[in-house]
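Examination of the molecular architecture
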Amino acid sequence: MITETTRYCLTCDLINNQKLIAEYKDFHAKGKAWPEITESIKSAGIVDMQIYLTGNRMFMIMECDSSFNPNKKAEMDANNPKVQEWEMLMWKYQLGVPWAKNGEKWVEMEKIFQLI
C-alpha cells in the first residue's frame, strides 16, 4: 500500500568547530540517537527523516504522513522531558541560520524549483 506523504525541508547551522561537529555527527550515527527521540519522531507521523551536512550547514528532509502537524509535534516535544533534555544537549552544537528568529534553530526552506 502506497501512503501519500508531505515533504518538509529545513535548515540549521552547527557551530563551526570540527570537534563539536564530530560529536554532533556521533550523536546522530546509526543506532546512536536516543530511542525516546526516534520514537517521538515516529509517533508524530514522520515516516522518514534524513539530515545532510555540508560544512557546518545542515539540511533536514522529513517525509510525513497525513497525521503530522508541526504545531502538535512542537506541543508533544514541549511536554516530553526526554525530548527537552535532547534539545538542550543539541543547543551545544546547533545555531539558528542567520535569518532564524530568536530561539529558533531549524527553519523551513522554500521550494523554488521542481523538475517534474
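The notes below deal with the structure included here. Residue numbering note: each chain is counted from 1, following its sequence as written. With the structure being a predicted model, the display of local features is reserved for residues of pLDDT at least 70 and the display and counting of side-chain atom pairs for 80 or more, all residues being used for whole-chain, interface and lining totals. The side-chain quantities take in all heavy atoms of the structure and omit both hydrogens and water.

**Side note on the pairing of strand β2 (residues 46-54)**
- By the convention used here, strands pair only if DSSP detects at least 2 bridges between them. Secondary structure elements follow DSSP: runs of H or I no shorter than four residues count as helices, runs of E no shorter than two count as strands, and numbering proceeds from the N terminus. Here β2 pairs with strand β3 (residues 57-64) via eight bridges, running antiparallel. Along β3, the bridge assignment pairs Met49 with Met62.
- Between β2 and β3, which pair antiparallel one after the other, the connecting turn spans two residues, and Gly55 there sits at a positive phi close to 60°.

**Points about the layout of surface pockets**
- In the cavity and pocket records, a cavity denotes points on a 1 Å grid over the protein atoms alone where a 1.4 Å probe fits but cannot get out, a pocket denotes an open set with protein on both sides within 12 Å along at least 5 of 7 lines, and lining residues are residues with an atom within 4 Å of a point. Grid points are joined across faces, edges and corners, and a volume is the space filled by probe spheres set on the points. Empty space within the largest pocket amounts to approximately 1,500 Å³.
- In terms of residue count, β2 provides more of the lining of the largest pocket than any other element does, eight residues in total.
- Considered as a void within the structure, the second largest pocket measures approximately 220 Å³ in volume.
- Forming the walls of the second largest pocket are Arg7, Tyr8, Cys9, Glu108, Met109, Glu110, Lys111, Phe113 and Gln114.
- Per-element tally for the lining of the second largest pocket: the top contributor is strand β1 (residues 6-14), with three residues.

**Quick look at the packing of helix α2 (residues 35-43) against helix α3 (residues 70-78)**
- It is at 10 Å that the axes of α2 and α3 come closest, and there the two elements cross at 150°. It follows from the interaxial angle that α2 and α3 lie roughly antiparallel. As α2 packs across α3, the resulting crossing turns out to be right-handed. Taking contact as the criterion, the partners of Ser40, Ile41 and Ser43 in α2 are, on α3, Lys73, Met76 and Asp77.
- Polar here means any residue outside two lists: the nonpolar Ala, Val, Leu, Ile, Met, Phe, Trp, Tyr, Cys and Pro, and the charged Asp, Glu, Lys and Arg; Gly therefore counts as polar. Classifying every residue of the contact of α2 with α3 by side-chain character gives two nonpolar, two polar and two charged. Helix axes are fitted to C-alpha atoms over the stretch in contact, other axes to C-alpha atoms as well, and angles between N-to-C directions run from 0 to 180 degrees. Orientation categories follow fixed angle ranges, with anything under 35 degrees roughly parallel, anything over 145 roughly antiparallel, 65 to 115 roughly perpendicular, and all other angles oblique. Less than a right angle of anticlockwise turn of the near helix away from the far helix marks a crossing as left-handed, whereas a clockwise turn marks it as right-handed. Contact criterion: two residues are considered in contact whenever any of their non-hydrogen atoms come within 4.5 Å of each other.

**A few points about the pairing of β1**
- Where β1 and β3 come together, eight bridges link them in antiparallel fashion. Among the inter-strand pairings, Cys12 is bridged to a residue of β3, identified as Met58.
- Here β1 pairs with strand β5 (residues 107-108) via two bridges, running antiparallel. Residue pairing in the sheet places Leu10 in a bridge with Glu108 of β5.
- The pairing of β1 with strand β4 (residues 94-95) spans two bridges and is antiparallel.

**Regarding the side chain of Ser40**
- With respect to the helices, strands and loops of the structure, Ser40 is situated in helix α2.
- Per-residue accessibility, obtained with a 1.4 Å probe over protein chains only, is compared with the maximum for each type, and a residue is labelled buried under 20%, exposed over 50%, and partly exposed between these values. Exposure remark for Ser40: the relative accessible area of 9% places this residue in the buried category.
- The contacts of Ser40, once residues within four sequence positions are left out, are Lys73, Met76, Asp77, Asn80 and Val83.

**So, the packing of aromatic side chains**
- Classification of ring pairs uses Phe, Tyr and Trp, with its six-membered ring standing for Trp, and accepts pairs whose centres are within 6.5 Å; under 30 degrees between planes counts as stacked, over 60 as edge-to-face, and the remaining range as tilted. The full count for this structure, using the stated rule, is five aromatic pairs.
- Here Tyr8 and Phe68 contribute two aromatic rings whose centre-to-centre distance is 5.1 Å and whose plane-to-plane angle is 65°, an arrangement assigned as edge-to-face. Placement of Tyr8 in strand β1 and of Phe68 in the loop between β3 and α3 is noted, with a sequence separation of 60 residues between them. We note that Tyr8, like Phe68, is buried.
- Only Lys NZ and Arg CZ are tested; either one counts as a charge over a ring when it is within 6 Å of the ring centre and within 35 degrees of the ring normal. Over the ring of Trp34 we find Lys82; its NZ or CZ atom is 4.8 Å from the centre of that ring.

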